[in-house]
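# Structural description and commentary
If you want the building blocks of each chain, they are given just below.
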Amino acid sequence: MEKQLFTITVFSENTVGILSLIAVVYTRRNINIESIGASRTSIPGVMKTTVTCYAHRAIMEKIVAQIEKEIYVIKAFLYTDEDIIWQEVALYKVATASLLNEEFLEKIIRRHNARILDITEDYTVIEKSGHGDETEALFEELKEYGLRQFVRSGPVCVTKDPVEHVTDYLAHRDACHAKKENK
């Protein structure tokens, strides 16, 4: 069976060192992380870490179980691309002279639905959001025009499900705690 790309979302308390704890789980299993990113969620005090990697499903299920054992982790979920809607953001820095002197560069930017974020005398910063193949395609075209810098975020994602599973999980957990306290 061939490895496939998986996305794990980890909901945790906003605690120092949580990224390190998550990364160690991958390191122990000798799995390379393709991308990792963290941000706050709509739930106060709860962070969402998104990690992508190529592996077999059985290994990824073990990784999710291991991550959930960490004390500050609330819940972790395993997804494939079919389960989520995701985007990346890429930034490209090109020489402004190239942009002004090359008539095709503006057409490239428009064709890729990118936008210019900053223009100085020396450089222009271009932004593109999309999937990895889209941001990579613009990268390949801009290389010909003196690309000075390139950086791409990891994916940010939401599930295709109509509900937020961590919210349901927290409500269930709170109801169980309340039930125990009332006994």
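### Brief notes about the overall build of the chain
- Broken down by element type, the chain carries six helices and nine strands.
- For 183 residues, the compact-globule estimate of 2.2 N^0.38 gives 16 Å, and the chain exceeds it by more than 25% at 21 Å.
- The dimensions of the chain, computed from C-alpha atoms along their principal axes, are 75 × 40 × 30 Å.
- Across the 183 residues of the chain, 38% fall into the buried class.
- As presented, the chain carries roughly 11300 Å² of accessible surface, and 51% of it is formed by carbon and sulfur atoms.
- In the chain, which carries 23 positive and 28 negative side-chain charges, the distance between the mean positions of the two groups comes to 7 Å.

### Observations regarding the sheet that holds strand β3 (residues 46-55)
- As summarised here, the arrangement of the four strands in space is β2-β3-β1-β4, forming an open sheet in which the pairing is antiparallel. In this open sheet, the two edge strands, each paired with only one partner strand, are β2 (35-40) and β4 (73-79). Shown here is a sheet whose adjacent strand axes are inclined to one another by a mean of 15 degrees, direction ignored.

### What about the layout of surface pockets?
- A volume near 270 Å³ is recorded for the largest pocket.
- Considering the residues around the largest pocket, the lining is formed by 16 residues, among which Glu 34, Ser 35, Thr 52, Glu 88 and Pro 155 are closest to the centre.
- Secondary structure elements with two or more residues in the lining of the largest pocket: β1 (4-13), β3 and β5 (84-95).
- In terms of residue count, the dominant contributor to the lining of the largest pocket is β5 (three residues).
- The class makeup of the residues in the lining of the largest pocket is six nonpolar, six polar and four charged.

About the cut-offs
- Residues numbered from 1 in each chain as written.
- Predicted model: local features only at pLDDT ≥ 70, side-chain atom pairs only at ≥ 80, totals over all residues.
- Heavy atoms only, no water.
- Helix = DSSP H or I, 4+ residues; strand = E, 2+ residues; numbered from the N terminus.
- Rg over C-alpha atoms; globule rule 2.2 N^0.38 Å.
- Buried < 20%, exposed > 50% of the residue type's maximum accessible area, 1.4 Å probe, protein only.
- Areas by Shrake-Rupley, 256 points an atom, 1.4 Å probe, with all protein chains shown as cover.
- Lys, Arg positive; Asp, Glu negative; His and termini not counted.
- Charge placed at Lys NZ, Arg CZ, Asp CG, Glu CD.
- Pairing = 2+ DSSP bridges.
- Axes fitted to C-alpha atoms, helices over the stretch in contact; angles between N-to-C directions.
- 1 Å grid on protein atoms, 1.4 Å probe; cavity = no way out; pocket = protein on both sides within 12 Å on 5 of 7 lines; lining within 4 Å.
- Points joined across faces, edges and corners; volume = space filled by probe spheres on them.
- Nonpolar A, V, L, I, M, F, W, Y, C, P; charged D, E, K, R; others polar.

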